[in-house]
Each structure stands twice: as C-alpha cells, then as structure tokens.
Amino acid sequence: MYSFFAMMARMKYIERWALMRNSRQENISEHSLEVAMLAHGLAIISNERCGSQVNVEQIALMGLYHDANEIITGDMPTPVKYFDDDIKDAYKRVEDVASRTLLDKLPDYMKKYYDPVFFQRETTKKEWKLVKAADKLSALIKCMEELRSGNQEFQTALQTTRQALTELGLEEVKIFMEEFLPAYHLTLDELQKR
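This one's a predicted model, so the numbers in the text were calculated from it and none came from an experiment.

1. Focus: unusual backbone geometry
- Of note in the backbone geometry, tryptophan 17 takes a positive phi value of approximately 60 degrees without being a glycine.
- Note that tryptophan 17 resides in the loop between helix H1 (4-8) and helix H2 (28-49).

What follows is the structure in structure tokens.
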C-alpha cells in the first residue's frame, strides 16, 4: 500500500497566511493550482517572448507540487522562513527531508517521474526561477484580493511581494504584470467584456 496520493489530498487542510487576518482563507491545494497555472503561463511567455526553451508542461507540474512538502512541515510564514540565512538554510533542509519522505510513499517505478518536480537540479534553475516567480505572483494576487475586500492588513505584504518580484529581474514577470495583472482589478462583468 502506498500513501503518496492520500498525502497529496491533505494539501487542502494546510492554511496559508497564518500570521495574517484573512477575509478569505487560502489553502495550499488551491494556491498550488494557481501557481501551476501562472508558472505555465510564465513559461509560455519565456519561450515565445524571451527566447527561452523551457519545458512548459514540466514547469506546470513543478508549480503544482512546489509546496507539497508543507503537508508535513505546515506553512512557515515568509517573515520567519527568511528571517536570516541560518533559519533559511535550516528550513530548506527540513523541506528537503519532507519532500524525500513524500517521495518514499511512491513505488520505485514512479519516483523517477516525481523527483524532478520536487527537487531542483542544476539543469532546471531557470524553470525553478519561473515557479518561484509564479509563487510570488500568486501571493501578490492574494494581497490585491484582500486589499480589494477592505483588509488593509495586506498592504505591507503587497509592497514587499511586489519588491521581491522586481528583484527577481525576470522579463517574463514584467510582461505578465503589464499585460495580465491589471485584469485582476476587474469585476466579473468587466472581465467578460474583455
């Protein structure tokens, strides 16, 4: 008996933004779906507009599973996770152990398919950078939604997340933010007219 997929089903129980008051709760299952879609889009932009040759389907899978280890670790709030280099390095090791624990819940013949979507390789640095950007874009979108609903608690998070996206220095992110992000401010009726 293998428990990998039963473990993945538990992503819906892990809440994000634990240190913040939320007008709408978000779990890592729905967040991961959004990251997968955003990463896929960034990958297409990367190939079509920035001259890259990344695997768009692989990047979507990487986005889908990027936070799966939080089934074991829980969601560590960003200010804690990145407080200093020692904590960041220690937490990275914890994430790696959690990811390996999850992969060990698969039969051997399946592990080789999941390993590349759980662990970064030297050959996939660009792909993981796009997934990280998609993760940050998802956080930015969450901040925008919370602010739109009147929750000012996300004002500082919006600013720091926008800054983090700028610091990534990715043309793909710049294009997405110019061409797709403004639509997130529209109502459903306005979106249907576009």
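2. Brief notes about the side chain of histidine 66
- For histidine 66, the position within the fold is in the loop between helix H3 (56-65) and helix H4 (70-73).
- A polar contact of 3.1 Å, which involves the side chain of histidine 66, links it to the side chain of aspartate 67.

3. A few points about the pattern of salt bridges
- Per the counting criterion, the structure on display carries 14 salt bridges.
- A salt bridge links arginine 16 to aspartate 67, with the nearest nitrogen and oxygen atoms 3.9 Å apart. Of this pair, arginine 16 sits in the loop between H1 and H2 while aspartate 67 sits in the loop between H3 and H4; the two residues are 51 residues apart in sequence, bridging distant segments of the chain.
- The class of arginine 16 is buried, set by a relative accessible area of 8%.
- A residue is classified by how much of its surface remains accessible, and aspartate 67, at 8% relative accessible area, is buried.
- Salt-bridge contacts for glutamate 146 lead to lysine 142; the nearest nitrogen and oxygen are separated by 2.6 Å. Taken together, the residues span about one helical turn, with glutamate 146 and lysine 142 both in helix H8 (residues 125-148) at a distance of four residues. Here the two residues glutamate 146 and lysine 142 agree in accessibility, since each one is buried.
- A network of salt bridges, in which partner residues are shared, links Arg16, Glu26 and Asp67.

4. Looking at the packing of H2 against helix H10 (residues 171-179)
- Running from N to C, H2 and H10 point in directions that differ by 110 degrees, and their axes come no closer than 9 Å. Classified by the interaxial angle, the pair formed by H2 and H10 is roughly perpendicular. Two packed elements cross with a definite hand, and for H2 against H10 that hand is right-handed. Touching Leu38, Leu42, Ile45, Ser46 and Arg49 of H2 are Glu172, Val173, Ile175, Phe176 and Glu179, all from H10.
- Along the lines of polarity and charge, the residues of the contact of H2 with H10 split into six nonpolar, one polar and three charged.

5. A short note on the packing of aromatic side chains
- Applying the stated criterion across every chain yields a total of nine aromatic pairs.
- Measuring from centroid to centroid gives 6.3 Å for phenylalanine 4 and tyrosine 65, while their planes differ by 40 degrees, and the two rings are tilted. Placement of phenylalanine 4 in helix H1 and of tyrosine 65 in helix H3 is noted, with a sequence separation of 61 residues between them.
- Overall, phenylalanine 4 belongs to the buried group, its relative accessible area being 1%.
- The exposure class assigned to tyrosine 65 is buried, which follows from its relative accessible area of 14%.
- Lying across the ring of tyrosine 13, lysine 12 places its NZ or CZ 5.4 Å from the centre.

6. Things to note about a nonpolar patch on the surface
- The grouping of Leu33, Met37, Leu61 and Leu64 at the surface amounts to a nonpolar patch, some 360 Å² of accessible area in total.
- When residues of the nonpolar patch are traced back to their parent elements, those giving at least two are H2 and H3.
- Topologically, leucine 33 is positioned in helix H2.
- What makes leucine 33 partly exposed here is its relative accessible area of 46%.

7. Observations concerning the nonpolar core
- Ranked by internal contacts, the top residues of the largest apolar core, which has 51 residues, are Met8, Ile59, Tyr65, Tyr114 and Phe118.
- For this core, the secondary structure elements donating two or more residues are H1, H2, H3, helix H6 (85-103), helix H7 (108-118), H8, helix H9 (155-168) and H10.
- It is H8 that contributes the most residues to this core, twelve residues altogether.
- Aside from chain neighbours lying at most four places away, what touches tyrosine 65 is Phe4, Met8, Tyr114, Val117 and Phe118.

The rules behind the values
Residues numbered from 1 in each chain as written. Predicted model: local features only at pLDDT ≥ 70, side-chain atom pairs only at ≥ 80, totals over all residues. Heavy atoms only, no water. Helix = DSSP H or I, 4+ residues; strand = E, 2+ residues; numbered from the N terminus. Polar contact = N/O pair within 3.5 Å; in protein donor to acceptor, adjacent residues only side chain to side chain. Salt bridge = Lys/Arg side-chain N within 4 Å of Asp/Glu carboxyl O. Buried < 20%, exposed > 50% of the residue type's maximum accessible area, 1.4 Å probe, protein only. Axes fitted to C-alpha atoms, helices over the stretch in contact; angles between N-to-C directions. Parallel < 35°, antiparallel > 145°, perpendicular 65-115°, else oblique. Left-handed = near helix turned anticlockwise from the far one by under 90°. Contact = heavy atoms within 4.5 Å. Nonpolar A, V, L, I, M, F, W, Y, C, P; charged D, E, K, R; others polar. Phe/Tyr/Trp six-rings, centres within 6.5 Å; stacked < 30°, edge-to-face > 60°. Lys NZ or Arg CZ within 6 Å of the ring centre and 35° of its normal. Patch = residues over 30% accessible without salt bridge, like charges linked within 9 Å, V, L, I, M, F, W, Y side chains within 5 Å. Areas by Shrake-Rupley, 256 points an atom, 1.4 Å probe, with all protein chains shown as cover. Core = buried A, V, L, I, M, F, W, Y, C linked by side-chain atoms within 4.5 Å.

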